[in-house]
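# Understanding the architecture of this molecule
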Amino acid sequence: MLTKSQICAYQAPHDLLKNHVILVTGAGGGIGKAVALASAKCGATLLLAGRTPAKLEGTYDAIANSGGPGAVICPINLEGADADDFEQLNAEIESQFGRLDGLVNNAGILGQRTPLNHYKADLWESVIKTNVSAQYQLTQALMPSLEASSTGASIIFTSSGVGREGRAFWGAYAVSKFAVEGLVQTWAAEVEGMGTLRINAINPGATRTQMRANAYPAENPERLKTPDDIVPAYLYLLGADSLGVNGHSIDAQVTK
Ligand SMILES: NC(=O)c1ccc[n+]([C@@H]2O[C@H](COP(=O)([O-])OP(=O)(O)OC[C@H]3O[C@@H](n4cnc5c(N)ncnc54)[C@H](OP(=O)(O)O)[C@@H]3O)[C@@H](O)[C@H]2O)c1
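The paragraphs below set out a description of the structure included in this document. (Residues numbered from 1 in each chain as written. Predicted model: local features only at pLDDT ≥ 70, side-chain atom pairs only at ≥ 80, totals over all residues. Heavy atoms only, no water.)

## Here's the deal with the layout of surface pockets
Test applied: Two kinds of site are reported from a 1 Å grid over the protein atoms alone, namely cavities, where a 1.4 Å probe fits but cannot get out, and pockets, open sets with protein on both sides within 12 Å along at least five of seven lines, and residues are called lining when an atom falls within 4 Å of a point. Grid points are joined across faces, edges and corners, and a volume is the space filled by probe spheres set on the points. Runs of H or I in DSSP of at least four residues are treated as helices and runs of E of at least two as strands, each being numbered from the N terminus. Charged residues are taken to be Asp, Glu, Lys and Arg, nonpolar residues to be Ala, Val, Leu, Ile, Met, Phe, Trp, Tyr, Cys and Pro, and polar residues to be all remaining types, Gly included.
Approximately 1100 Å³ is the volume attributed to the largest pocket. Along its surface, the largest pocket is lined by 43 residues, and N106, G108, I109, T209 and M211 are the ones closest to its centre. Looking at the lining of the largest pocket, the elements with two or more residues in it are α2 (30-41), α3 (53-66), α6 (171-191) and α7 (210-215). Take the lining of the largest pocket: its biggest share by element is 5 residues, from α7. For the lining of the largest pocket, the residue count by class is 16 nonpolar, 21 polar and 6 charged.

The structure is reproduced here in structure tokens:
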């Protein structure tokens with residue numbers, strides 16, 4: 001496995017993801033869009049999942065304009081979706097591609113920045129469903145396609161610094177990211193040594209997106225890394241250089 005700074009500076013070969021089929025959730029903007037575009041530039045066919053078709057179309061057009069092998073839009077609202085929706089998606093992937101080589105569970109919502117004493121119950125449920133339960137259910141449903149990958153599928157979940165050390169006022173979001181860390185450790189232990197499937201988490205670190213702006217409205221976004229800056233860690237985990245890397249929680253930025 002590469003060192004932390006090597007992962008953050010990873011330079012992907014231009015054909016790293018040639019013949020790979022990769023699904024990214026939350027692909028309409030922010031980090032998900034950057035990961036989708038970078039993966040397409042490395043040769044992957046992208047399945048763009050998200051809840052706002054117009055935003056997914058923007059990513060689709062950008063991929064089409066960059067000359068990649070192409071993309072498919074998969075509208076899905078993770079919060080409202082159930083097991084049937086996820087299984088339907090798996091059936092469509094199986095019939096169209098026969099396998100899935102990468103899954104980037106990136107979509108997420110922030111919820112409230114407020115004391116737990118005052119957290120709204122319905123928002124708590126929304127955050128936990130979107131950030132953890134739906135991602136678990138989606139991954140479980142897609143497992144037949146992932147296990148059919150001949151290159152060894154890579155599953156990435158998205159963590160956060162507040163999912164590793166509790167911090168006041170981050171509420172359900174922090175709890176959801178702790179759950180993601182636990183999910184990755186548990187699932188990775190279950191697949192360890194059983195083939196080339198690997199399951200890891202990425203902590204993007206402070207990144208210039210709408211979610212970050214919502215969390216820190218007074219912050220100067222120009223001082224933050226952009227989504228494009230942090231894609232090397234994602235490409236590393238999606239490509240063959242990370243075969244055998246399983247059960248890790250990786251930082252996409254070198255922190256001082
Ligand atoms: N930015 C940071 O500093 C930072 C730091 C640590 C971790 N993260 C994590 O990184 C990931 C990406 O965040 P981001 O910063 O790129 O945020 P973002 O710009 O707000 O993007 C979040 C994405 O998730 C999608 N999404 C939200 N709810 C959804 C639902 N119910 N169904 C389907 N898609 C849904 C959004 O779609 P719409 O645009 O259509 O709403 C959007 O594409 C998240 O998991 C976040 O927790 C970010």
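## Here's the deal with the pattern of salt bridges
Just so we agree on the cut-off: Salt bridges are defined by distance alone: a side-chain nitrogen of Lys or Arg within 4 Å of a carboxyl oxygen of Asp or Glu. Three labels apply to residues, based on accessible area from a 1.4 Å probe with only protein chains included: buried if under 20% of the type maximum, exposed if over 50%, partly exposed otherwise in between.
Counted by the stated rule, this structure contains 5 salt bridges. The residue D101 makes a salt bridge to R99 at a minimum N-O spacing of 3.2 Å. Residue R99 is classed as partly exposed on the basis of its relative accessible area of 22%. A salt bridge links R164 to E181; the nearest nitrogen and oxygen atoms lie 3.4 Å apart. Placement of the pair is R164 in the loop between β5 (154-158) and α6 and E181 in helix α6, with a sequence separation of 17 residues. Look at the salt bridges and you will find they share partners, linking K4, R164, E181 and D251 into a network.

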